[in-house]
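# Results of the structural survey
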Amino acid sequence: MPQRIGVVDDFRDILTPIRESLEGEGYVVDTATSAQEAKKLAVHPDLWIIDLRLKDKSDDKDFSGITLAAELSPEVPKIILTSFPSVQAVRNALGPGARGIPPAVGFVSKQEGMAALLRRVDLALARQNLPLLRAFHAAAMHTLPDRLAELGPEQASRQVRDFIDSQRKALTQQQELESRRASEYHRFSLLASSAGFVAIMAAVVLSLIGKTSPATVTMLGGLVINLVSGLFSYSADKAHHRLKEFLPQIQELLQLANLLELCNTFEDPSARDHNRQAVFDSFLDRLHKQRSEKNEKK
Amino acid sequence: MKNQILMITSDSAAPWVQTLARLGNLIFVTEAGLVAEDGPERFLLCVIDAAAVKAPDKLISQLRVQDPAARIVVMTASPTWRRARASFEAGALDYLPKNLNTEDLFRTIQRLLEKTLPPGPPLGVNNAATHRSRR
């Protein structure tokens, strides 16, 4: 399913090129020209891109875009876009907000161009795809330790279990859908290749009895049908591949859930909490090591 | 958590440094000394003087690896929005100009810690500013 991006800018002329560029990258784009309009959007996006000055472009103190970012759901990442970048605007956007959570995860100047915006869109959505961030409603990886401290070990482990339950349900539905798709593609592929085989055999028979012209047409038809069959096979392979992609994501959470279940076996509540905290700490350490290894490779 | 503030600066006499002593015990260390440290150590706050390190954002990422919960603030004499963004993206909590009024600096850091620390007694009360050098 394509990811959905909400773009908020009071300047309509800028919305069109942004929408076109994002749609060109395969995203579904919803636009709004004010904070009120953005809040009324029927479908919630996976990411928001919000202009810094939604009220008055000439006002240095207009940070209404950041105010909107802080008011929208903290689970959805936001990128602040502006023609007027400043240190203060960056601090307000990316620094800790009222509950210690930054209003935005990205800040882009319009002068940097669409390529810079698209890079940060990819980064923000990639972060959001990490199940841990979604499980704890954290805006970015570096806010996770604070978020865990805020929740406490007991509530954090409960939140992980609830998230895993909802993920399991979603995964099962998605698996069933992909399996259905794969078997349908497979059936069409078999039908098309059988029809292709019959057409090619008919062409051979026709050419043997001397009717060359119909034989050529039938042969071409057979080839086209075989090509279609190949396309269906390819689609079936893709559906199987998508199924495989779900596994590492869920594996990460299951591992965490198993460790937390082990913590529940301690009778002493303080030992339970202590071990839960240790599980979270070691998990965060591992995530940060993985992240730094990835950065080093880059 | 220990009320210790890790100071990565070569200017321990600067007014902004003295202001931070009101929030906890300052521990001074150079970038090279920090790299040689073994294992993560939890501090109330890590303050990086941008003038004292080669690449503040790399150092921020490194501190984050050592201690994922580290609260890192960058102090700079020449702030730019691009460097501010790079610092935040690396994991800094704030990016502040050195010429900030000392009272404003104190209140800014105090607010920052209150936002990101679990509830507890107010910061900056009865904190003896003792200096230990690890240089």
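Up top is the structure.
In this report, we go over the structure that sits alongside the text. (Residues numbered from 1 in each chain as written. Chains lettered and ligands numbered in written order. Predicted model: local features only at pLDDT ≥ 70, side-chain atom pairs only at ≥ 80, totals over all residues. Heavy atoms only, no water.)

Across the boundary between the two partners, chain B contributes 23 residues, which contact 26 residues of chain A. Overall, the association of chain B and chain A removes approximately 2,100 Å² of surface from exposure, summing both partners, and the carbon and sulfur fraction of that is 61%. Arg120(A) serves as the salt-bridge partner of Glu89(B), at 2.8 Å between the closest nitrogen and oxygen. Where the side of chain B that touches chain A is concerned, the elements lending two or more residues are α3 (56-66), α4 (81-90), β5 (94-97) and α5 (102-116) of chain B. (Contact = heavy atoms within 4.5 Å. Buried area = accessible area lost by both parts, 1.4 Å probe. Salt bridge = Lys/Arg side-chain N within 4 Å of Asp/Glu carboxyl O. Helix = DSSP H or I, 4+ residues; strand = E, 2+ residues; numbered from the N terminus.)

Before going further, it helps to spend a moment on the pattern of salt bridges. Residue and element names in this part refer to chain B. With the rule as written, the count across this model stands at 16 salt bridges over all chains. Lys 98 is paired through a salt bridge with Asp 49; the nearest N and O atoms lie 2.7 Å apart. Of the two residues, Lys 98 sits in the loop between β5 and α5 while Asp 49 sits in strand β3 (residues 45-49), which places them 49 residues apart along the sequence. Here Asp 104 and Arg 107 are joined by a salt bridge, their closest N and O atoms 3.5 Å apart.

All right, on to the packing of α3(B) against α4(B) then. Packed helix pairs are characterised by how far apart their axes lie and by the angle those axes make with each other. All names here are of chain B. Where α3 contacts α4, the two axes come as close as 8 Å, and the packing angle between them is 15°. Relative to α4, the element α3 is oriented roughly parallel. Both α3 and α4 take part in a crossing whose hand is right-handed. Only Ala 86, Ser 87 and Ala 90 of α4 make contact with α3, whose side of the interface consists of Asp 57, Ile 60, Ser 61 and Arg 64. Grouping the constituent residues of the contact of α3 with α4 by class yields three nonpolar, two polar and two charged. (Axes fitted to C-alpha atoms, helices over the stretch in contact; angles between N-to-C directions. Parallel < 35°, antiparallel > 145°, perpendicular 65-115°, else oblique. Left-handed = near helix turned anticlockwise from the far one by under 90°. Nonpolar A, V, L, I, M, F, W, Y, C, P; charged D, E, K, R; others polar.)

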